[in-house]
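Chain by chain, the residues run as shown.
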Amino acid sequence: MATKNYLLVAAIDFGTTYSGYAFSSREDFQREPTKAYLKQWVDPVSSMMYNKTSTCILFDESVNFNKFGFEAEAKYQDLIMDNEHKTWYFFRRFKMTLYDKQSSGDGWLIEDETGKQLPALVVFSESIKYLKLSLLEEAKKQQTDIQADDIKWILTVPAIWSDPAKTFMRRAAVQAGIDTNSLTIALEPEAAALFVKHLSVDRQLHGKCRDLIRTFAPGSKYIVVDAGGGTIDITAHEVLTDGTVREIIKSNGGNWGGTSVDREYLDFIKCLLGESVTQSIEQNEPQVFFEVCREFETAKRQIKPQSDMKFNVRIPSQLGEAYANLNPGRDLKSKKFVFTKCKRNVSISIIGDKLRLAPKDAEDFFAETVNEITRHLENLLLQNSGKGIATIILVGGFAESPMLTQAVKSTFSEMRVIIPHEAAWSVLRGAVIFGHDPGLIKERRSKYTYGLAVFDIFDPKIHDEKYKYEEDGEIRCGYLFSKLISIDDPVTVGEYRKAETYMLTDIEDEGSIALFTSESSDPKYVDEKGCSFVGFILSAGHNFEVNEIFDVMMRFGETEVEIKAYQPKSNTISSYYLGQ
Ligand SMILES: Nc1ncnc2c1ncn2[C@@H]1O[C@H](COP(=O)(O)OP(=O)(O)OP(=O)(O)O)[C@@H](O)[C@H]1O
Ligand SMILES: [Mg+2]
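Conventions and cut-offs
Residues numbered from 1 in each chain as written. Chains lettered and ligands numbered in written order. Predicted model: local features only at pLDDT ≥ 70, side-chain atom pairs only at ≥ 80, totals over all residues. Heavy atoms only, no water. Near = heavy atom within 4 Å. Polar contact = N/O pair within 3.5 Å; in protein donor to acceptor, adjacent residues only side chain to side chain. Areas by Shrake-Rupley, 256 points an atom, 1.4 Å probe, with all protein chains shown as cover. Nonpolar A, V, L, I, M, F, W, Y, C, P; charged D, E, K, R; others polar. Pairing = 2+ DSSP bridges. Helix = DSSP H or I, 4+ residues; strand = E, 2+ residues; numbered from the N terminus. Axes fitted to C-alpha atoms, helices over the stretch in contact; angles between N-to-C directions. Core = buried A, V, L, I, M, F, W, Y, C linked by side-chain atoms within 4.5 Å. Buried < 20%, exposed > 50% of the residue type's maximum accessible area, 1.4 Å probe, protein only. Domains from an automatic or database assignment. Contact = heavy atoms within 4.5 Å. Salt bridge = Lys/Arg side-chain N within 4 Å of Asp/Glu carboxyl O. Expected span 1.5 Å × (residues − 1). Parallel < 35°, antiparallel > 145°, perpendicular 65-115°, else oblique. Left-handed = near helix turned anticlockwise from the far one by under 90°. Phe/Tyr/Trp six-rings, centres within 6.5 Å; stacked < 30°, edge-to-face > 60°. Lys NZ or Arg CZ within 6 Å of the ring centre and 35° of its normal.

**Student:** Kindly report on the site of ligand 1, identifying the contributing residues and their values.
**Tutor:** Residues in contact with ligand 1 amount to 22 residues; listed here are only the nearest, Thr16, Thr17, Lys95, Lys300 and Gly397. Here Thr17 contributes a backbone N or O atom positioned 2.7 Å from an oxygen atom of ligand 1. Thr231 is positioned such that a nitrogen or oxygen atom in its backbone is 2.9 Å from an oxygen atom of ligand 1. Relative to its unbound accessible area of 650 Å², ligand 1 is 96% covered by the protein chains. In terms of residue class, the shell around ligand 1 is built from 3 nonpolar, 12 polar and 7 charged.

**Student:** Got a sec to walk through the sheet that holds strand S33 (residues 572-577)? Specific residues and values, please.
**Tutor:** Pairing within the open sheet is antiparallel, and its 4 strands lie in the order S28-S31-S32-S33. If you trace the sheet from one side to the other, it starts and ends with strand S28 (500-504) and S33, each paired once. Along the sheet, successive strands turn relative to each other by an average axial angle of 25 degrees, direction set aside.

**Student:** Now, about the nonpolar core: what can you tell me, with residues and values included?
**Tutor:** Ranked by internal contacts, the top residues of the largest apolar core, which has 59 residues, are Tyr265, Ile269, Leu319, Ile348 and Leu355. Sort the elements by how many residues they give to this core and helix H11 (residues 359-382) lands first, with 8 residues. Residue assignment places this core across two domains, with domain 2 (190-253 + 372-442) and domain 3 (258-364) each supplying three or more. Ignoring sequence-local partners within four residues, the contact set of Ile269 consists of Phe289, Val292, Ile315, Leu319 and Leu355.

**Student:** Describe the pairing of strand S17 (residues 311-314), naming the residues involved and giving the relevant values.
**Tutor:** Side chains Phe311 and Val313 project from S17 onto a buried face, and the interleaved Asn312 and Arg314 project onto a face without burial. By the bridge criterion, 4 bridges tie S17 to strand S20 (residues 354-357) in an arrangement that is antiparallel. Residue pairing across strands places Phe311 opposite Leu357, the latter belonging to S20.

**Student:** Give a detailed account of helix H12 (residues 402-411), specifying residues and quantitative values.
**Tutor:** Among all positions in H12, only Met403, Leu404, Thr405, Ala407 and Val408 are buried. For H12, the elements touching its buried residues are strand S14 (221-227), H11, strand S21 (389-395) and strand S22 (416-418).

**Student:** Could you give me a rundown of the pattern of salt bridges, with the residues and numbers involved?
**Tutor:** What the rule picks out here adds up to 39 salt bridges. Where Arg170 meets Glu560, a salt bridge forms, and the shortest distance between an N and an O atom there is 2.8 Å. Here the residue Arg170 occupies a position in helix H4 (residues 163-175), and Glu560 occupies one in the loop between strand S31 (548-555) and strand S32 (562-567), the gap between them amounting to 390 residues. Accessibility expressed as a relative area gives 6% for Glu560, which makes it buried. With a shortest N-O distance of 3.6 Å, Glu545 and Lys569 are connected by a salt bridge. On the criterion of sequence distance, the pair formed by Glu545 in the loop between strand S30 (531-538) and S31 and Lys569 in the loop between S32 and S33 is long-range, its members being 24 residues apart. Among the residues examined, Glu545 registers a relative accessible area of 36% and is labelled partly exposed. Taking relative accessible area as the criterion, Lys569 reaches 54% and is therefore assigned exposed.

**Student:** Can you explain helix H7 (residues 258-273)? Please cite residues and give values.
**Tutor:** Taking 1.5 Å of rise per residue, 16 residues should cover 22 Å, and H7 covers 23 Å from first to last C-alpha, within 8% of that figure. Burial runs high along H7: 12 of the 16 residues are buried. Gly258, Thr259, Ser260, Val261, Asp262, Glu264, Tyr265, Leu266, Phe268, Ile269, Leu272 and Leu273 are the residues of H7 that are buried. Positive phi appears at Gly274, one or two residues downstream of H7, with a value of about 90 degrees.

**Student:** Describe in detail the packing of helix H2 (residues 70-81) against helix H9 (residues 287-299), supporting the description with residues and values.
**Tutor:** When two helices pack together, their arrangement is given by the angle between the helix axes and the distance between those axes. Contact geometry for H2 and H9: axes closest at 12 Å, N-to-C directions at 135 degrees. As the angle between them shows, H2 and H9 are arranged oblique. Our pair here, H2 against H9, has a crossing hand that is left-handed. Where H2 abuts H9, its residues Glu73, Tyr76, Gln77 and Ile80 lie against Gln287, Phe290, Glu291 and Arg294.

**Student:** Explain the packing of aromatic side chains residue by residue, including any values.
**Tutor:** Scanning all chains against the criterion turns up 30 aromatic pairs. Residues Tyr50 and Phe70 carry aromatic rings whose centres are separated by 5.5 Å and whose planes lie at 50 degrees to one another, so their mutual orientation is tilted. Here Tyr50 is found in strand S5 (residues 49-50), whereas its partner Phe70 is found in helix H2, with 20 residues between them in sequence. The exposure class of Tyr50 is partly exposed, given its relative accessible area of 22%. Phe70 gets classed as buried once you look at its relative accessible area, which sits at 6%. Following the ring pairs from residue to residue traces out a cluster consisting of Phe14, Phe94, Trp108, Phe124 and Phe168. The ring of Phe289 is capped by Lys270, whose NZ or CZ atom sits 5.0 Å from the centre of that ring.

Okay, here's the thing in structure tokens:
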């Protein structure tokens, strides 16, 4: 799928905190693979330029799209100042709602900054639509005759996401007007690995970067850590003799991205204010906490290990006002200590609109997050499959933080740690390369055990009474997990599994033949702990006839589960992604 001729690869990196896009023509890629056009976004508040914009979307009272990115943030600030924001819808950091989405279905709602709800599909698809339209506009400026059909679209998602989360992103992209057949989902750490690999080729020309060349030499093993705003997304590869790679540990990670440092800081501010002031702000003006985080987002970049400078961060004036309202006669500025949730007394001072902290106390906002990351990496490297990994490639915006990079370098002092110059944009640049040259990854590891829900003749020796039922004169056992592939199994990219024949009895509204995942290697029933329904193998809309057999081939080595179904009677063949 998505293999037709194209002239341009357009990649969208839809991040938890920052999103952006990049593109390059086939000719550009052949000339210089790492070169791509990245949109420059201007933050109207700081007038700074970035290669990604803030992942925020604003809708007006009638749920019409209004703005996306830094512009949405600035407009929302404006609405707050005029006290007109309460009827508008402002969403930010909503990508994390997909982080633990384990089962299919997209009719769910998400809450905006002030607790108002909209369908998630609207919020995601309008965001993608904005990025798509902006990209088309920029691409037209560069290449005037570019048509929609000439573009191959790449949308990046964390490798640790479940199948339903990926399916949801595809649906949102299709709703945003991207043709499903020209869209490929790329996995963020893999895209970053591709970028870094190509850097090694580019730099080789200049005789530099021995480390990069060693990292991608046949036989070597490396781990890629995409440290983003929401997730730490990890993959590990071994380089094969032909320079392609195979995954040696199934993708993994957790929700210890840069925003968990922000959460620590917000918790600290809430301790500073006390419970009743916090509650009052949460109920009456929750956007004040948005402002608190916004200020910290830039200020936290000053925090580095062993600094001898105090940490200064602006705090909104409403904090002091709310404090004084609920504590008559007392002033927030006169507070000298904060008793934190870890039961520590931290000394503070508030001068003007700035909160000042000792450097060590500012470092503490990072401590738990950074520990989680290094501990997780240590465990991975101790696994059998982690043996021989000599390099850690650290990318993502959070990899710009000296707090994280120094912790990784000192914990893994015997390893090579590569942090590319453009760590924050590596995924975006790599996604463009992936569009042009998707052949780097030869083999992946199955993230789950996959299987179908089936029934069998009930056998009291092996089946549980709970699943017994009678149909068509037979006593059956239902809900059985019929395994197709085990968790951690190597799966070759591009390869379909042997065809299986099924009888299509009916296609209800949603589909037929239910596919489940499991986190254990040998689940017996599809409703066991760790099992999730992820989609139907066959859904309506493929023109298959009911009560006829058809052959199904599936592949699990791609970035999404792919299905090819053939029905001899109707001579219909169809290829599609799970959930379509
Ligand atoms: N110098 C820095 N110090 C500390 N944190 C930083 C620094 N630079 C960026 N960050 C953090 O990195 C995160 C953004 O990284 P990135 O743009 O890779 O995330 P994302 O793509 O939006 O998220 P995800 O990939 O998890 O969906 C933010 O939390 C930001 O605060
Ligand atoms: Mg990212």
